[in-house]
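A look at the structure
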Amino acid sequence: MTEVSQYSGTDDGQTSLHALPKIDLHRHLEGSLRLQTLAEIAEKNGFDLPSYAIEDLRPFATVTDEPPDFHRFLAKFQFLRRFYPSREAVQRVAWEAVDDAANDNVKYLELRFNPVALARAQGFSLEAVTEWVCEAVAAAKRQRDIEANLIVQIGRDEDVKTAWDLVHLALSYRDRGIVGLDLAGDERSYPARPFAEAFRYARKEGLHVTVHAGEAGGPQNVEEAVQELGAERVGHGVRSIEDSGVLRLLRERNVTLEICPTSNIQTGIVERLWHHPLPDLLAMNIPVSINTDDPSISDTTLTDEYRIAMSAMRVSLDQIKQSIVTAAEASFQPADARQGLAGWFRRTLGLNHRH
């Protein structure tokens, strides 16, 4: 990783948030499709759509002015599952997801992907789509100044056998950049407990674990994720704020919350940005990182997320920097690589004198 020449590391108030070197730990491949790419894939494959124009596709793929709603947000993914008709399309989407992160000065990315979403509708094997994603991400890393690892996502609505298949798949690709597992989807309708044994096995075999919890569901789901599935990080987890015992658990276990502010508004989980618990979580020394979740669905960048945190939630630039170091320390890497990454960010962000 090269030093970041365009960022001085000073808090002069004029520093561009775009120029900050960043980490995104919570970004979904399937939520990162460029609208231009959608239009080109649709037209090339003759998809049955009213139009191939970008602006006509936007309401299907991006949150526009519709009322916030968790299930409406998830429905965007059902539409997007149509857009992986070939190896070329899957690899293009994966490469562009890393490229877009690099363009936002993300220096370390953990990109999660759902092999079932990429494979099932098209009749591809889980192994094939995983191979294609690994190849494309490796190529993007070589071509851009970015480090990236992959997380295999398992849907809460899948059966346990499929979950075990995905665990073994992830384990077989550990030498190709897959570092962890994620459980995601509708936590209101599908509990995490049936997947506990598979996730515990994955941890024992060397994979890291993150779980979407405490987003649409209550803080008890965060406790379940940590205690029963062995989660080292929790996706969103904003409703942890409702339970002091859960907050204590997060602090004691050093479990990092992967906070995604824009997504939380669009899903209706948080009503207004100024009601978001991020500032309170920071004040209580809960480990948090700031992330995009689904850049194309939410029409956001990590720069945007930092700007929103600062302008609407009064999070300081210093707190943004500290959250980036927290993300480095929570990254799914070997301990020496984590420490090296955190040290690089401390130096580059001008935080050395505080550690």
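All of the points below concern the structure found in this document. Predicted model, so just to flag it, every value in this text is computed and none were measured.

1. Some points on the overall build of the protein chain
- Of the regular secondary structure elements, the protein chain holds 16 helices and eight strands.
- For 355 residues, the compact-globule formula gives about 20 Å, and the C-alpha radius of gyration of the protein chain, at 19 Å, lands near that figure.
- On the principal axes, the C-alpha backbone points of the protein chain span a range of 55 × 45 × 40 Å.
- Accessible surface, the protein chain as shown: approximately 14,100 Å² in total, 47% of it carbon and sulfur.
- Charged side chains in the protein chain number 39 positive and 53 negative. The centres of these two groups are separated by 3 Å.

2. Regarding the pairing of strand 2 (residues 106-113)
- With respect to burial, strand 2 is a largely interior element, eight of its eight residues being buried.
- Looking at chain direction, strand 1 (residues 22-28) and strand 2 are connected through five bridges and run parallel. Residue pairing across strands places Ile23 opposite Tyr108, the latter belonging to strand 2.
- Sheet topology note: the strand 2/strand 3 (residues 147-155) ladder contains six bridges and is parallel. Paired with Leu109 across the bridge in strand 3 is Ala148.

3. Regarding the pattern of salt bridges
- One pass over the structure, following the stated rule, counts 25 salt bridges.
- Between Arg144 and Asp99 there is a salt bridge, with the nearest N and O atoms lying 2.3 Å from each other. Placement of Arg144 in the loop between helix 6 (126-143) and strand 3 and of Asp99 in helix 4 (residues 87-103) is noted, with a sequence separation of 45 residues between them.
- Looking at Arg144, the relative accessible area reads 26%, which means it is partly exposed.
- Residue classification places Asp99 among the buried residues on the basis of a relative accessible area of 10%.
- We note a salt bridge from Lys161 to Asp165, for which the minimum N-O separation is 2.9 Å. Of this pair, Lys161 and Asp165 are both found in helix 7 (residues 160-172), four residues apart, which corresponds to roughly one turn of the helix.
- The exposure class of Lys161 is exposed, given its relative accessible area of 58%.
- Note on Asp165: relative accessible area 34%, which makes it partly exposed.
- The structure contains a network of salt bridges with shared partners spanning Arg34, Glu40, Arg92, Glu96, Asp99, Asp100 and Arg144.

4. Here we look at the packing of helix 9 (residues 219-229) against helix 10 (residues 244-253)
- Where helix 9 meets helix 10, the closest approach of the two axes is 9 Å, and the angle between their N-to-C directions is 30 degrees. Put simply, helix 9 runs roughly parallel to helix 10. When the axes of helix 9 and helix 10 are compared, the crossing they make is left-handed. Residues Pro219, Val222, Glu223, Val226 and Gln227 of helix 9 form the contact with helix 10, whose own contacting residues are Val246, Leu249, Leu250 and Arg253.
- Partitioned by chemical class, the residues of the contact of helix 9 with helix 10 number six nonpolar, one polar and two charged.

The rules behind each value
Residues numbered from 1 in each chain as written. Predicted model: local features only at pLDDT ≥ 70, side-chain atom pairs only at ≥ 80, totals over all residues. Heavy atoms only, no water. Helix = DSSP H or I, 4+ residues; strand = E, 2+ residues; numbered from the N terminus. Rg over C-alpha atoms; globule rule 2.2 N^0.38 Å. Areas by Shrake-Rupley, 256 points an atom, 1.4 Å probe, with all protein chains shown as cover. Lys, Arg positive; Asp, Glu negative; His and termini not counted. Charge placed at Lys NZ, Arg CZ, Asp CG, Glu CD. Buried < 20%, exposed > 50% of the residue type's maximum accessible area, 1.4 Å probe, protein only. Pairing = 2+ DSSP bridges. Salt bridge = Lys/Arg side-chain N within 4 Å of Asp/Glu carboxyl O. Axes fitted to C-alpha atoms, helices over the stretch in contact; angles between N-to-C directions. Parallel < 35°, antiparallel > 145°, perpendicular 65-115°, else oblique. Left-handed = near helix turned anticlockwise from the far one by under 90°. Contact = heavy atoms within 4.5 Å. Nonpolar A, V, L, I, M, F, W, Y, C, P; charged D, E, K, R; others polar.

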